[in-house]
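This is what each chain is made of:
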Amino acid sequence: MACGAAERGPEPPAFRRHPEAIAPRLAHGYGLRRELRDLEFGRLAGTVYLDHAGATLFPQSQLTNFTKDLMENVYGNPHSQNITSKLTHDTVEQVRYRILSHFHTTPEDYTVIFTAGSTAALRLVAEAFPWVSRTPENSGSHFCYLTDNHTSVVGMRKVASAMNVTSTPVKPEAMWSLEERSAGACDPDCQLPHLFCYPAQSNFSGTRYPLSWIEDVKSGRRSPVSVPGRWFVLLDAASYVSTSPLDLSAHQPDFVPVSFYKIFGLPTGLGALLVSKRVAPLLRKGYFGGGTAAAYLAGEDFYIPRSSVAERFEDGTISFLDIIALKHGFDALERLTGGMENIQRHTFALAQYTHSALSSLSYPNGAPVVRIYSDSDFSSPDVQGPIINFNVLDDSGSIIGYSQVDKMASLYNIHLRTGCFCNLGACQRHLGLSDEMVKKHFQAGHVCGDDVDIIDGRPTGSVRVSFGYMSTLEDAQAFLRFIRAMCLRSPGDQSVPQASTSDAGVLSSESDCHSPPEDACIDATVCNDSCPAANTVGLDLSLSKASSIQQTLPEEAAGILNGDLGAHIVTNIYLYPIKSCAAFEVTKWPVGSKGLLYDRNWMVVNHNGICLSQKQEPRLCLIQPAINLQQKIMVIKAKGMEPIEVPLEEDSKRAQICQSRVCADRVNTYDCGENVSRWLSKFFGRPCHLIKQSPDFQRNAKKTPGIGQSPGTAATLSLVNEAQYLLVNTSSVLELQQQLNASDEHRKEEPFSVKDLVSRFRANIITKGARAFEEEEWDEVSIGSLSFQVLGPCHRCQMICIDQQTGQRNQDVFQKLSESRGRKVNFGVYLMHASLDLSSPCFLSVGSEVLPVLKERGVS
């Protein structure tokens, strides 16, 4: 049974019990939570942000005070000697002291080296550590790392390997089970340097590893591998220190990389390596940059490094303005929260509450709703951070892919993280993925960061929620309501549980959806090149005729419902001149090498040149473009706006070429002018431009024919996402309509119409005469005189939730499609030209016969 079809069970005890118990802990050290949230994080209104382990958020006052500082002071390059540079140098040094104080240590014990982030800090250690290479006479240094480590730690082994140093991965179970031995068990005379790296907190599961390991390993009482020598410890604290205090006076690792945006929200791209003074003299340096030399010669190999460890390793001019921003980050954090101890209590209380409630959710048959990946029971912040990692299950125990959960969450404006979180070791361990499976997944096309979430029935990743100091109990409850709505709703339940409008974590149906992966289907497809003789073709393409064609959809639907599929023909043809804007319906239309002529040749971009889609701006569907081939213009209309005309072809030689991106592809475009820009900016209430794909720019399709299909030549695309055409079968629409309206029978809302559903799928070609979802079995299809290859199904995103007539969202369509189609939200199939002879005009027409060929090569 699909998850959403389950009957709603009783309200879990955790929903009722925990809010009262948790309130005192959440309020501690924060004062008036609602005022803090509204004043400092007003941009979160209507949004539930639960990816603080990825990047936390900065408060308004932090940015305001930093900007004020920059406006009132002149900060020069700290390598100069003038007054402004002296101010910069002194301020930077003050921030260094502030960092050391934050971690309860002093300049006598640790040095702060600023880096481009924690990854850069790790690389610095890998390159500067005093490795001893392996020789026939000497086993050399050992680099050991916990398998539950960030990719950036594991990547250090490439540097070690280049130094002929042995790298050894160590499983958490092995470290936990190691029996402590006396310090005398190691050879005190052997000074061979070894390095052990482990995280204070797993960024995958939130597991907190014992800080006592630092001294155990350094003293030799707990050795990752049994070899003589001197052990040094790198504690990856990037995830841990984002919500917890780290006392370096009590626990003294040799190296501590941190990333400041995980603590303060900004600045990004700035981290630090805290280096113990006892190990600093051992570090070696190869490359030297500006500011690191006490003296050097350009003509011979003479270089004397600066005596200061920080100056020696900070190549070039440091990011001094970003470092100054840290001062305001510390100020805001302490002013708003009272310190890291309070943040730790607050965030852990939220995680503990959410974990308890999530664990209690079950289907009516007793099956759990989620599978949580954790090494702790969430009993204490000593063993668990504010991270919950899980996968959602259906009532049979099968995992629902993380990509589906992410898409559903975005419909509720809940922002979370999915995948393996740059921690494949933990991902393998918790999900039971062998090395062979990971390699097989890669061979099957899965790469880190994509949305391929299930392969051969096994998950490739999971879902992670994480809390920050500005997270609220309402955020946690909104997330839990989402899980209930997704998995435990009955037909009569409201899909989006309504929170009080006073809730800081209130959900808003008007808020923009979070974007899915770039390769998810948004717009169907195609074309922007000229078709031979297109300007002289006489076509009756009036809007009134298009409207009359649309009215035939309900009549055809009635016949299909009665079992009469009728002739297999094209019933409707749509093109979408402006990407993500309203459809333009025609009965006969020229075809070019990229698809339907002028289909998705234009797109609306923001002031930064970023393409807008209905996911960010639902009102795009209210923009109505119409093509007039005879007059060679596109007329754009919208309610409350005077129509505006845009020429179909510009003198591209005179137009300024600019670059933009569509689905990660670079495209050359040109701006369509200030008049239409002002028109769009007025309609949307923010700066916008209309741009058109350059006619001489060729963009090749990523989708290729499936196994057994002839490869042919690469299809060229307009500004579409995936392929040249998208085809939708009316029978498939009708099956979905029946499911939606059946589950809607007790609601007051209007039932979904065929016309409404067809418009949501934004297809180019609508057909009738085939059974529901038969199109997914096609290998090729002929439509009239045109031949097409079928590239596969369209993987749907949240845009199908937008009513194309009003711009309003309703997540039922996506959720029902997800339930009925086995969690993969596929609808419609992509087509590309199998062969196309443009020596004479080619057209696609309503009423054309559709002749598909099945994948088994049998004619249907």
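Reference entry: report on the structure contained in this document. (Residues numbered from 1 in each chain as written. Predicted model: local features only at pLDDT ≥ 70, side-chain atom pairs only at ≥ 80, totals over all residues. Heavy atoms only, no water.)

### A look at the overall build of the chain
Consideration 1: Along the chain, the regular secondary structure elements total 23 helices and 38 strands.
Consideration 2: When burial is assessed residue by residue, the chain has 58% of its 860 residues classed as buried.
Consideration 3: Long-range contacts, defined as pairs at least 24 residues apart, comprise 75% of the intrachain contacts of the chain with a sequence gap of at least 6.
Consideration 4: Surface accessibility of the chain: about 34,600 Å² in total, with carbon and sulfur atoms responsible for 52%. (Helix = DSSP H or I, 4+ residues; strand = E, 2+ residues; numbered from the N terminus. Buried < 20%, exposed > 50% of the residue type's maximum accessible area, 1.4 Å probe, protein only. Contact = heavy atoms within 4.5 Å. Areas by Shrake-Rupley, 256 points an atom, 1.4 Å probe, with all protein chains shown as cover.)

### Looking at the state of the cysteines
Consideration 1: A full pass over the atoms with the stated rule returns 1 disulfide.
Consideration 2: Disulfide pairing is shown between Cys-420 and Cys-427; the S-S distance is 2.0 Å. Judged by the torsion about the S-S bond (-55°), the Cys-420/Cys-427 disulfide is left-handed. For the pair formed by Cys-420 and Cys-427, the shared burial category is buried. (Disulfide = S-S within 2.5 Å.)

### Details of empty space enclosed by the protein
Consideration 1: Applying the stated rule across the entire model yields 1 cavity of 30 Å³ or more.
Consideration 2: What the largest cavity holds in volume is close to 100 Å³.
Consideration 3: Around the largest cavity, the lining is made up of 17 residues, and of these His-52, Ser-242, Thr-243, Phe-467 and Gly-468 lie nearest the centre.
Consideration 4: Of the residues assigned to the lining of the largest cavity, the class counts are 8 nonpolar, 8 polar and 1 charged. (1 Å grid on protein atoms, 1.4 Å probe; cavity = no way out; pocket = protein on both sides within 12 Å on 5 of 7 lines; lining within 4 Å. Points joined across faces, edges and corners; volume = space filled by probe spheres on them. Nonpolar A, V, L, I, M, F, W, Y, C, P; charged D, E, K, R; others polar.)

### Quick notes on unusual backbone geometry
Backbone geometry follows two general trends: most residues other than glycine have a negative phi, and most peptide bonds adopt the trans configuration.
Consideration 1: Cis rather than trans, the peptide bond between Leu-266 and Pro-267 has omega equal to 5°.
Consideration 2: Considering the arrangement of structural elements, one finds Pro-267 in the loop between helix 10 (261–264) and strand 8 (271–276).
Consideration 3: Backbone geometry at Ser-580 places phi at a positive 75°, although glycine is not the residue there.
Consideration 4: Secondary-structure assignment places Ser-580 in the loop between strand 19 (569–575) and strand 20 (584–586).
Consideration 5: Residue classification places Ser-580 among the buried residues on the basis of a relative accessible area of 0%.
Consideration 6: With phi around 70°, Tyr-598 is a residue other than glycine that occupies positive phi space.
Consideration 7: If you trace the backbone, Tyr-598 turns up in the loop between strand 22 (595–596) and strand 23 (602–606).

### What to know about the sheet that holds strand 21 (residues 588–592)
By way of backbone hydrogen bonds, the strands of a sheet pair with one another, either parallel or antiparallel.
Consideration 1: One open sheet accounts for 3 strands, arranged 22-21-37; its pairing is antiparallel. Two strands bound the open sheet, and with one partner strand each, they are strand 22 and strand 37 (843–845).
Consideration 2: Note that strand 21 and strand 22 share 2 bridges and pair antiparallel. What sits directly across from Val-591, in strand 22, is Leu-596. (Pairing = 2+ DSSP bridges.)

### Examining the packing of helix 14 (residues 402–411) against helix 23 (residues 812–820)
Helix-helix packing: each pair is described by the crossing angle between the helix axes and the interaxial distance.
Consideration 1: Packing of helix 14 against helix 23 leaves a shortest axis separation of 10 Å and a crossing angle of 160°. As summarised for this structure, helix 14 and helix 23 are arranged roughly antiparallel, according to the angle between their axes. Considering how the two elements wind past one another, helix 14 and helix 23 form a crossing that is left-handed. Judged by residue contacts, Gln-404, Lys-407, Met-408 and Leu-411 of helix 14 engage Phe-814, Gln-815 and Ser-818 from helix 23.
Consideration 2: Taken together, the residues of the contact of helix 14 with helix 23 sort by class into 3 nonpolar, 3 polar and 1 charged. (Axes fitted to C-alpha atoms, helices over the stretch in contact; angles between N-to-C directions. Parallel < 35°, antiparallel > 145°, perpendicular 65-115°, else oblique. Left-handed = near helix turned anticlockwise from the far one by under 90°.)

Geometric values such as these leave the question of function open.
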